[in-house]
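Descriptive structure summary
The residues making up each chain are set out below.
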Amino acid sequence: MDEQDRLAERFEQDRARLRAVALRMLGSSAEADDAVQEAWLRLSRTDVGEVGNLSGWLTTVVGRICLDMLRSRTTRREDLLDDTADANLPPVGATAVPDPEHEAVLADSVGLALLVVLDTLTPAERLAFVLHDMFAVPFDELAPVIGKSPDAARQLASRARRRVQGQAPTGDVDQARRRAVVEAFLSAAREGRFEALVTMLDPDVVMRADATAVSYGSTAEKRGAATVAGYWNGQAAEARTALIDGIVQAVWAPKGRVRVVLAFTVVDGRIAAIDLTADKDRLAELDVTIF
């Protein structure tokens, strides 16, 4: 076994823990996998002979990668709505590789309510809380990752802890339930589970689309659980959950650009309406945060 093989074997021993760190930081299964892969690439280019604690080194590397990804989200959101719609875009929900494990991983490994609260933290607060409180990274090791002193890192973690420990307000709990419904619907749509879709929809559900969404390939209006489920069955590959003006909804964002907002009306745990908005002027008025 050569040195690279030994390094790969050593990395595999830490992979699950590193992915857990990234998942709690990013709230996205796909992005967590990307962060872990980037950590491996950096490790493969590093002289590990100079690394005293490889597990600790990998944790801080993943932390830095996640911090950069969280910060880039803020920058990217500023650019999401700056282009006009592409005339040749595929129908809403078409193309892209689905990630059927995403919702289950989030629910089981992180907890939807916790994710809702974590999403209210700044990137630095989130990193400080996750690495210190969840993975016991000392503040003197954590501080360089976020570019702060150990005392400042401790204050960030403390501030984040107060928000998380708190009794998440009822609104946050309701948001977590909304997110569970929306993500379950999107997952069933991607995986083509028609019967599951029908059960998530109110029998009298109505789906409406504005003129721009219709130009992308949607239908102006559909009614009834079976009809709406049939429309979404096997679709939604590019749809992602998002906070729209502070409420959990979803967006269609091919190549990372928000083209359509999917606003769900949830009543008693079922989806009673889905409104598709793609008008550029309307989208520009919305505060959109993609999970």
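Because the structure is predicted, anything quoted here is derived from the model rather than measured.

The next thing to look at is the sheet that holds strand 3 (residues 239–244). Strand-to-strand pairing in sheets goes through backbone hydrogen bonds, with the strands running parallel or antiparallel. Strand order in the open sheet formed by seven strands is 2-1-6-5-4-3-7, with mixed pairing between adjacent strands. Looking at the sheet topology across the chains shown, the edges are occupied by strand 2 (221–223) and strand 7 (288–290). Geometrically, the sheet is characterised by an average inter-axis angle of 25 degrees between neighbouring strands, direction not taken into account. Looking at chain direction, strand 4 (residues 247–252) and strand 5 (residues 260–267) are connected through three bridges and run antiparallel. Within the sheet, the bridge partner assigned to Ala-250 lies in strand 5 and is Leu-262. Across the sheet, helix 12 (residues 225–232) touches strand 1 (201–209), strand 2, strand 5 and strand 6 (270–277), and the angle it forms with strand 1 is around 55 degrees.

As a further point, take the packing of helix 6 (residues 123–134) against helix 7 (residues 139–146). Across the interface, helix 6 lies against helix 7 with an axial gap of 10 Å and an inter-helix angle of 155 degrees. Between helix 6 and helix 7, the interaxial angle falls into the category roughly antiparallel. Note on packing geometry: the crossing formed by helix 6 with helix 7 is right-handed. In this structure, helix 6 contributes Ala-124, Leu-127, Ala-128, Leu-131 and His-132 to the contact, and helix 7 contributes Phe-139, Leu-142, Val-145 and Ile-146. Grouping the constituent residues of the contact of helix 6 with helix 7 by class yields eight nonpolar, one polar and no charged.

Looking now at the pattern of salt bridges. Following the criterion strictly, the structure yields twelve salt bridges and no others. A salt bridge links Glu-12 to Arg-15; its shortest N-O distance comes to 2.9 Å. Residue Glu-12 and its partner Arg-15 are located together in helix 1 (residues 3–26), separated by three residues, close to a single helical turn. A relative accessible area of 29% places Arg-15 in the partly exposed class. Its salt-bridge partner being Arg-17, residue Asp-14 comes within 2.6 Å of it at the nearest N-O pair. Of this pair, Asp-14 and Arg-17 both sit in helix 1, three residues apart, which is roughly one turn of that helix. The exposure class assigned to Asp-14 is buried, which follows from its relative accessible area of 5%. Among the charged side chains, a network of salt bridges with common partners joins Arg-10, Asp-14 and Arg-17.

For Arg-24, the location among the structural elements is in helix 1. A relative accessible area of 18% places Arg-24 in the buried class.

Turning our eyes to something else, we now look at unusual backbone geometry. One non-glycine residue, Ala-236, adopts positive backbone phi at about 75 degrees. When you line up the elements, Ala-236 lands in the loop between helix 12 and strand 3.

With that settled, consider the nonpolar core. Among the nonpolar cores identified, the biggest contains 42 residues, and Phe-11, Met-25, Leu-127 and Leu-142 are the most heavily contacted of them. Contributing elements (two or more residues each) for this core: helix 1, helix 2 (29–44), helix 3 (54–79), helix 6, helix 7 and helix 8 (150–165). Considering each element in turn, this core owes the most residues, nine residues, to helix 3. Discounting chain neighbours no more than four positions away, the residues touching Met-25 are Cys-66, Leu-70, Pro-123, Arg-126, Leu-127 and Val-130. Grouped together as the second largest cluster of nonpolar side chains are 31 residues, Val-182, Val-205, Tyr-231 and Val-260 included.

How each quantity is defined
- Residues numbered from 1 in each chain as written.
- Predicted model: local features only at pLDDT ≥ 70, side-chain atom pairs only at ≥ 80, totals over all residues.
- Heavy atoms only, no water.
- Pairing = 2+ DSSP bridges.
- Helix = DSSP H or I, 4+ residues; strand = E, 2+ residues; numbered from the N terminus.
- Axes fitted to C-alpha atoms, helices over the stretch in contact; angles between N-to-C directions.
- Contact = heavy atoms within 4.5 Å.
- Parallel < 35°, antiparallel > 145°, perpendicular 65-115°, else oblique.
- Left-handed = near helix turned anticlockwise from the far one by under 90°.
- Nonpolar A, V, L, I, M, F, W, Y, C, P; charged D, E, K, R; others polar.
- Salt bridge = Lys/Arg side-chain N within 4 Å of Asp/Glu carboxyl O.
- Buried < 20%, exposed > 50% of the residue type's maximum accessible area, 1.4 Å probe, protein only.
- Core = buried A, V, L, I, M, F, W, Y, C linked by side-chain atoms within 4.5 Å.

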